[in-house]
Amino acid sequence: MSCRSDLSSWQALEQSATKLKQQQLKTLFAKDTSRFAKFSCQMPGVLFDYSKQLIDEESFSQLIALAEQADIAAWRDKMFSGEKINFTENRAVLHVALRNRSNSAIFVDDNDVMPLVNRELDKLKSFTQKVRSGEWVGHTGKPVKNVVAIGVGGSNLGPQMVTEALSNYADNTLNVHYVSNVDGVQLATVLDGLQAETTLFVVSSKTFTTSETMTNARSAVKWFLEYAPQDAIAKHFVAVSTNLEKTREFGIADDNVFTMWDWVGGRFSLWSAIGLPIALYLGFDKFVEVLEGAFEVDEHFKAASFENNIPLIMALLSVWNTSFLGHTAQAILPYDQALHMLPAYLQQGEMESNGKHVTFTGEPVPYTTVPLIWGMTGINGQHAFYQYLHQGNNIVPADFIASVKPQVVMDKHHDILLSNFFAQTEAMMSGVDELQIRADLTAKGKTSTQIDAVIAHKIHQGNRPTTSILLDTVDAKAVGRLIAMYEHKIFCQGILLQICSFDQWGVELGKGLASAIEAELTQNDVNYPHDSSTAGLISYYKNNR
Ligand SMILES: O=P(O)(O)OC[C@H]1O[C@H](O)[C@H](O)[C@@H](O)[C@@H]1O
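These figures come from a predicted structure and were not determined experimentally.

Draft legend 1. Expanded view of the site of the ligand. Looking at the ligand, there are 13 residues lining it, with S155, S205, T207, T210 and E352 nearest. One of the side-chain N or O atoms of S155 is found 2.6 Å from an oxygen atom in the ligand. In the environment of the ligand, an oxygen atom lies 2.5 Å from a nitrogen or oxygen atom belonging to the side chain of E352. For the ligand, whose free accessible area comes to 390 Å², the fraction covered by protein is 89%. For the ligand, the cavity whose grid points lie within 2 Å of the majority of its atoms is the largest pocket. Grouping the amino acids of the shell around the ligand by side-chain chemistry returns 2 nonpolar, 7 polar and 4 charged.

Draft legend 2. Layout of the nonpolar core. Among the nonpolar cores identified, the biggest contains 126 residues, and L200, W263 and I469 are the most heavily contacted of them. Looking at this core, you find at least three residues from each of domain 1 (4-69 + 304-430 + 464-497) and domain 2 (96-288). Residues in contact with I469, not counting those within four places in the same chain, are V46, L47, F48, M314, F400, I401, A402, F421, L482, M485 and Y486. Judged by nonpolar contacts, the second largest core, of 24 residues, contains L191, A196, V203 and A239.

Draft legend 3. Spotlight on the sheet that holds strand β10 (residues 329-334). One open sheet holds the 6 strands; their spatial order is β1-β2-β13-β12-β10-β11, and the pairing between them is mixed. Of all strands in the sheet, those with a lone pairing partner are β1 (40-43) and β11 (372-375), marking the two edges. Geometrically, the sheet is characterised by an average inter-axis angle of 20 degrees between neighbouring strands, direction not taken into account. Two strands pair when backbone bridges link them, and strand β2 (residues 46-49) and strand β13 (residues 466-473) are joined in this way by 4 bridges, in the antiparallel orientation. Residue pairing across strands places L47 opposite L470, the latter belonging to β13.

Draft legend 4. Expanded view of the layout of surface pockets. In this structure, the largest pocket occupies an estimated 1300 Å³ of space. Together, 46 residues line the largest pocket, and V152, T207, T210, V507 and K511 are the ones closest to its centre. Among the secondary structure elements, those contributing two or more residues to the lining of the largest pocket are α9 (211-225), α15 (342-354) and α22 (508-522). Of the residues in the lining of the largest pocket, the class split is 14 nonpolar, 21 polar and 11 charged. Reported here for the second largest pocket is a volume of approximately 390 Å³. Along the wall of the second largest pocket there are 20 residues; nearest its centre are Q337, P406, Q407, V408 and H414. Secondary-structure elements contributing two or more residues to the lining of the second largest pocket are α7 (157-165) and α18 (413-430). When residues of the lining of the second largest pocket are assigned to their parent elements, the largest contribution, 4 residues, is made by α18. The class makeup of the residues in the lining of the second largest pocket is 8 nonpolar, 7 polar and 5 charged. For the lining of the second largest pocket, the two domains that each supply at least three residues are domain 1 (4-69 + 304-430 + 464-497) and domain 2 (96-288).

Draft legend 5. Looking closely at the sheet that holds strand β5 (residues 146-150). Read from one edge of the open sheet, 5 strands run β6-β5-β7-β8-β9, paired in parallel fashion. The open sheet has two edge strands, β6 (175-179) and β9 (257-259), and neither has a second partner. With strand direction ignored, the average angle separating the axes of adjacent strands in the sheet is 20 degrees. Note: strand β7 (residues 199-204) against strand β8 (residues 237-241), 4 bridges, orientation parallel. The residue of β8 that forms the bridge with V203 is A239. Here helix α8 (residues 184-191) sits on the sheet in contact with β5, β6 and β7, set at roughly 165 degrees to β6. Relative to β7, α9 is tilted by about 160 degrees, and along the sheet it contacts β5, β6, β7 and β8.

Draft legend 6. Inspection of the packing of aromatic side chains at higher detail. Per the stated rule, a full pass over the model turns up 29 aromatic pairs. Aromatic pair F208 and F250: ring centres 5.9 Å apart, planes at 85 degrees, arrangement edge-to-face. Of this pair, F208 sits in the loop between β7 and α9 while F250 is found in helix α11 (residues 244-250), placing the two residues 42 residues apart along the sequence. Accessibility expressed as a relative area gives 3% for F208, which makes it buried. When its relative accessible area of 21% is taken as the criterion, F250 is described as partly exposed. An aromatic cluster of three or more residues is present, and its members are Y335, W374, F385, Y386, F400, F421 and F422. Here the guanidinium or amino end of K78 rests over the ring plane of W75, the centre of that ring lying 5.0 Å away. The ring of W136 carries the charged tip of K235 above its face, separated from the ring centre by 5.6 Å.

Draft legend 7. Seen up close, the domain arrangement of the protein. Domain boundaries assigned for the protein yield domain 1 (4-69 + 304-430 + 464-497), domain 2 (96-288) and domain 3 (505-544). Between the C-alpha centres of domain 2 and domain 3 there is a distance of 32 Å.

Draft legend 8. How the structure looks around the pairing of β6. Where β5 lies against β6, 5 bridges are found, and the strand directions are parallel. Within β6, the position partnered with N146 by the bridge is N175. Handedness of the β-α-β unit built from β5, α7 and β6 comes out right-handed.

Draft legend 9. Summary view of the side chain of S180. Counting through the fold element by element, S180 comes out in the loop between β6 and α8. Relative accessible area serves as the criterion here: at 16%, S180 is assigned to the buried category.

Conventions adopted
- Residues numbered from 1 in each chain as written.
- Predicted model: local features only at pLDDT ≥ 70, side-chain atom pairs only at ≥ 80, totals over all residues.
- Heavy atoms only, no water.
- Near = heavy atom within 4 Å.
- Polar contact = N/O pair within 3.5 Å; in protein donor to acceptor, adjacent residues only side chain to side chain.
- Areas by Shrake-Rupley, 256 points an atom, 1.4 Å probe, with all protein chains shown as cover.
- 1 Å grid on protein atoms, 1.4 Å probe; cavity = no way out; pocket = protein on both sides within 12 Å on 5 of 7 lines; lining within 4 Å.
- Sits in = over half its atoms within 2 Å of the grid points.
- Nonpolar A, V, L, I, M, F, W, Y, C, P; charged D, E, K, R; others polar.
- Core = buried A, V, L, I, M, F, W, Y, C linked by side-chain atoms within 4.5 Å.
- Buried < 20%, exposed > 50% of the residue type's maximum accessible area, 1.4 Å probe, protein only.
- Domains from an automatic or database assignment.
- Contact = heavy atoms within 4.5 Å.
- Pairing = 2+ DSSP bridges.
- Helix = DSSP H or I, 4+ residues; strand = E, 2+ residues; numbered from the N terminus.
- Axes fitted to C-alpha atoms, helices over the stretch in contact; angles between N-to-C directions.
- Points joined across faces, edges and corners; volume = space filled by probe spheres on them.
- Phe/Tyr/Trp six-rings, centres within 6.5 Å; stacked < 30°, edge-to-face > 60°.
- Lys NZ or Arg CZ within 6 Å of the ring centre and 35° of its normal.
- Right-handed = clockwise from strand over helix to strand, strands pointing away.

See below:
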């Protein structure tokens with residue numbers, strides 16, 4: 001298989017990158033008043049503006065050519081039709097089936113998966129309604145008040161990010177608490193103040209073998225049994241998993257297990273029963289709205305021309321910035337507080353998917369794959385690390401995300417929020433040069449000696465590429481749309497970079513070592529050979545704990 005960098009579009013892009021690195025975005029805007037119109041597109045509920053990315057019409061058409069030469073359309077069809085594109089695990093990649101609101105058939109190994117999906121959605125609906133209505137009662141006959149959702153990685157980040165994003169729409173019928181870290185303080189803090197008789201535990205784990213989740217779940221059972229008899233477990237513990245054998249072993253009744261399938265990747269699983277905490281907290285209808293928003297983007301992704309295909313353009317811009325312009329980080333900067341967990345969620349989505357170093361066929365990848373994803377809510381970032389974004393000598397392309405209509409109207413708060421949102425991308429694009437600063441400081445009465453002393457420190461180079469994503473508002477559909485946009489971006493990026501986005505073999509080594517060291521820390525007669533540093537750390541811990 002030829003390497004991407006052998007493609008004519010790739011080589012043309014390398015030349016364009018050399019040329020555009022000499023260009024100033026400010027000049028490109030000055031020369032072309034229709035730049036925004038050219039490099040922005042919309043879909044219902046979303047304005048996607050990438051005109052502050054360091055591209056021009058030539059490089060953009062070369063990026064589109066790269067998508068064509070990488071056969072994105074064929075790969076997209078493979079994914080939507082259930083082909084096993086997660087080839088290192090020989091699995092289909094069908095998170096899209098979980099929100100396939102058209103209900104059209106989708107086959108894996110000649111079996112239509114939609115009846116399975118709908119059966120599980122029905123189970124989720126009836127369970128959610130029973131719990132929220134108080135029909136489902138605990139072992140003392142009282143309705144559930146608190147849900148403790150235990151899970152990590154893809155079995156935690158998605159549901160927690162969505163419940164946080166939509167908490168303003170919750171009616172407080174139930175409280176939901178998330179436990180992902182195996183540091184006991186997190187579970188202890190959550191359990192503190194809870195009543196066993198009104199608490200429901202949702203243990204979410206695709207494999208049901210993840211040590212941290214199983215440890216937390218066992219400790220939750222131990223806590224629960226201090227207040228309730230063994231046979232009460234069935235009223236207070238449910239699970240979400242593909243692994244019925246393990247859930248049985250753990251002691252959860254089959255009826256209390258919500259299924260998912262191996263064709264759902266953990267980091268793409270919030271649309272499955274892994275989303276149960278979302279449905280319990282917000283109601284099943286709100287969960288369905290999240291699915292509907294994502295479905296809209298699936299339809300857009302399948303139908304829109306490449307030039308107007310938002311997820312594809314997001315992927316092309318990331319490859320452009322990383323593999324051609326050499327920027328190795330990307331910031332995710334949501335301005336709506338509700339989206340504060342989006343950077344953490346996308347760190348798993350993007351970096352666990354495309355943080356790879358070999359091609360489809362196992363050859364070393366001769367170009368940088370995905371950037372380091374990081375971020376924080378915009379306003380907080382402005383007063384923390386934006387200095388780095390504006391004047392650091394490492395350029396960090398950034399996604400700015402905000403909404404037009406706030407979740408809560410409070411005087412001028414939203415206008416002030418958006419004024420910062422607009423100002424920051426303008427500042428990053430235009431910067432401020434010596435002439436402007438000199439004129440400004442002179443106007444403020446500064447002497448040229450005073451100006452000379454600070455001028456170099458005040459110059460902003462600008463030319464910092466940004467994308468602005470404006471959502472109508474942050475509601476259930478919008479959250480579904482936004483996540484699906486990034487999911488399809490991640491998919492396209494993998495194809496463009498010729499890497500398998502749907503496995504995560506790299507996480508296994510650390511897990512294996514951890515379970516061996518756990519034995520060393522918990523059993524006296526177990527010792528494994530280690531380098532002097534690891535051995536030193538372990539013995540220091542053992543001697544001081
Ligand atoms: O859902 P689980 O099987 O418990 O896995 C939870 C998480 O752990 C793994 O280590 C992977 O890194 C993630 O992709 C996964 O989401």
